[in-house]
Amino acid sequence: MAVELDQQKLLAALTAGREYDDLPFSLHIFDSVPSTNRTLWELINQGAGVGTVVIATQQTAGRGQWGRQWTSPTGGLYLSVAIAPNLAANASYQLTLATAWGIAHQLRRCGISVGIKWPNDLVLDGRKLGGILTETKVNQGKITQAVIGVGINWSNPVPETGINLQSWQQSRGAGGREQGENTYTNSVSQSPIPHPQSPIPCLEMLTCKVLLGIESGMACLLQEGVSVLLSRYLEFLVNMGDRVYVNDLAGNVVGVTPQGSLRVSLETDRINDMKTPEIYLEPGKISLGYRKS
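So, how was this worked out
Residues numbered from 1 in each chain as written. Predicted model: local features only at pLDDT ≥ 70, side-chain atom pairs only at ≥ 80, totals over all residues. Heavy atoms only, no water. Helix = DSSP H or I, 4+ residues; strand = E, 2+ residues; numbered from the N terminus. Buried < 20%, exposed > 50% of the residue type's maximum accessible area, 1.4 Å probe, protein only. Contact = heavy atoms within 4.5 Å. Areas by Shrake-Rupley, 256 points an atom, 1.4 Å probe, with all protein chains shown as cover. Expected span 1.5 Å × (residues − 1). Axes fitted to C-alpha atoms, helices over the stretch in contact; angles between N-to-C directions. Parallel < 35°, antiparallel > 145°, perpendicular 65-115°, else oblique. Left-handed = near helix turned anticlockwise from the far one by under 90°. Nonpolar A, V, L, I, M, F, W, Y, C, P; charged D, E, K, R; others polar. Phe/Tyr/Trp six-rings, centres within 6.5 Å; stacked < 30°, edge-to-face > 60°. Lys NZ or Arg CZ within 6 Å of the ring centre and 35° of its normal. pLDDT = per-residue confidence, 0-100. Pairing = 2+ DSSP bridges. Right-handed = clockwise from strand over helix to strand, strands pointing away.

## Here we look at the overall build of the protein
Tallying secondary structure elements over the protein gives six helices and 14 strands in all. Within the protein, buried positions represent 50% of all 293 residues. In the protein, of all internal contacts separated by at least 6 residues, the share reaching a separation of at least 24 is 64%. Put simply, the protein shows about 13800 Å² of open surface, and 46% of that area lies on carbon and sulfur atoms.

## Structural notes on helix α5 (residues 203–224)
The terminal C-alpha atoms of α5, which comprises 22 residues, lie 31 Å apart, in line with the 32 Å expected from a rise of 1.5 Å per residue. For α5, a buried count of 18 out of 22 residues is recorded, marking the element as mostly surrounded by other parts of the structure. One or two residues past the end of α5 sits Gly225, with phi positive at roughly 100°.

## A few points about the packing of helix α1 (residues 7–17) against α5
The description of two helices packed together rests on the angle between their axes and the distance between the axes. Here α1 crosses α5 at 45°, and the two axes come no closer than 9 Å. Considered as vectors, α1 and α5 are oriented oblique to each other. By crossing handedness, the relation of α1 to α5 is classed as right-handed. Along its contact with α1, which presents Lys9, Leu10, Ala13, Leu14 and Gly17, the element α5 presents Glu204, Met205, Thr207, Cys208, Leu211 and Leu212. The residue makeup of the contact of α1 with α5, split by class, is seven nonpolar, two polar and two charged.

## Let's talk about the packing of aromatic side chains
Applying the stated criterion to the full structure yields zero aromatic pairs. Cation over ring: Arg108 sits above Phe236, and NZ or CZ is 4.2 Å from the ring centre.

## Some thoughts on the confidence of the model for the protein
Residues shown with low pLDDT carry predicted positions that ought not to be read at fine detail. Averaged over every residue, the pLDDT of the protein is 86; the share at 70 or more is 83%. In this model, residues 175–192 is a region of pLDDT below 50 whose contacts with residues beyond four sequence positions or in other chains number 27 contacts.

## Re the sheet that holds strand β12 (residues 249–256)
Strand order in the open sheet formed by four strands is β11-β12-β13-β14, with antiparallel pairing between adjacent strands. On the outer flanks of this sheet lie β11 (243–246) and β14 (278–281), each paired with one strand and no other. The average undirected angle you get between the axes of adjacent strands in this sheet is 45°. Sheet topology places strand β13 (residues 262–266) next to β14; four bridges connect them, and they run antiparallel. Paired with Ser265 across the two strands is Glu278, which belongs to β14.

## Quick look at the packing of α5 against helix α6 (residues 226–236)
Between α5 and α6, the shortest axis-to-axis distance is 7 Å and the interhelical angle comes to 140°. Judged by the inter-axis angle, α5 sits oblique to α6. Two secondary-structure elements touch here, α5 through Cys220, Leu221 and Glu224 and α6 through Val226, Val228, Leu229 and Arg232. In terms of residue class, the contact of α5 with α6 is made up of five nonpolar, no polar and two charged.

## Remarks on the pairing of strand β2 (residues 52–56)
For β2, the tally of buried residues reaches five of five residues, placing the bulk of the element in the interior. Alternating positions in β2 separate into two faces, Thr52, Val54 and Ala56 on one and Val53 and Ile55 on the other, with burial throughout. Note that strand β1 (residues 26–30) and β2 share five bridges and pair parallel. The partner of Leu27 across the bridge, within β2, is Val53. For the crossover that starts at β1, traverses helix α2 (residues 36–45) and ends in the parallel β2, the hand is right-handed. Of the strand pairs in this sheet, β2 and strand β3 (residues 77–83) are connected by four bridges, and their pairing is antiparallel. Among the inter-strand pairings, Val54 is bridged to a residue of β3, identified as Ser80.

In structure tokens form, the structure reads like this:
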């Protein structure tokens, strides 16, 4: 069954919830597109400006990090936002860090304990809730245009390592009630849908929180700086302290660099070492598992 977005309902939620006005959101809503990022780049090439947003509830050719296919079935939230950050080209991953922190921050304010799995996944109860794909255009060493793509599992089917927000809210109940007391059934699809008292009662509210998250993340990065952003990002990072192996060497995750690389402190048996050796792993060099947020 198709999931539809009510544009007026979304605009009302955005108007009520905005703390910043840096991005003049211009919404373009579709039932299905090949890729929201691709569609947004096409709009940009036709003259669309900063704050243009493409939203869909299905992608037929979604993309993830490093060219991987991103399965995007009906019922999910898939959106892309155009920005012009004017950052150095080597700072592109800061846009992903900012987006991840901003969305997690917005959902946590609703009582949803979202964490971040390095580098670009949003996790809930140890499973993947969503992901982020940032694409940029560079001119003379500066990022002049960027598209921030986000996918969040709402009511769509997910693999064993995934979770959708609608089911999570049903299992938790609203206002502390036991499961089943606060859900009701859609008579057409016979699938339970969140009670209006749920933290995120509808897809429009989820879309609003994601857009506000992107906006607040960019405001943190561009107004307060990457050091402040990183400290906030690390507070939500579920991988801190994880034991990892790199070329048969054991180490522990101790942080993330401003360029988005994972900081790993390697273990050493040498008693005289005054400082534990640390290495930096770029995104894509190592895959981290899922754990409780």
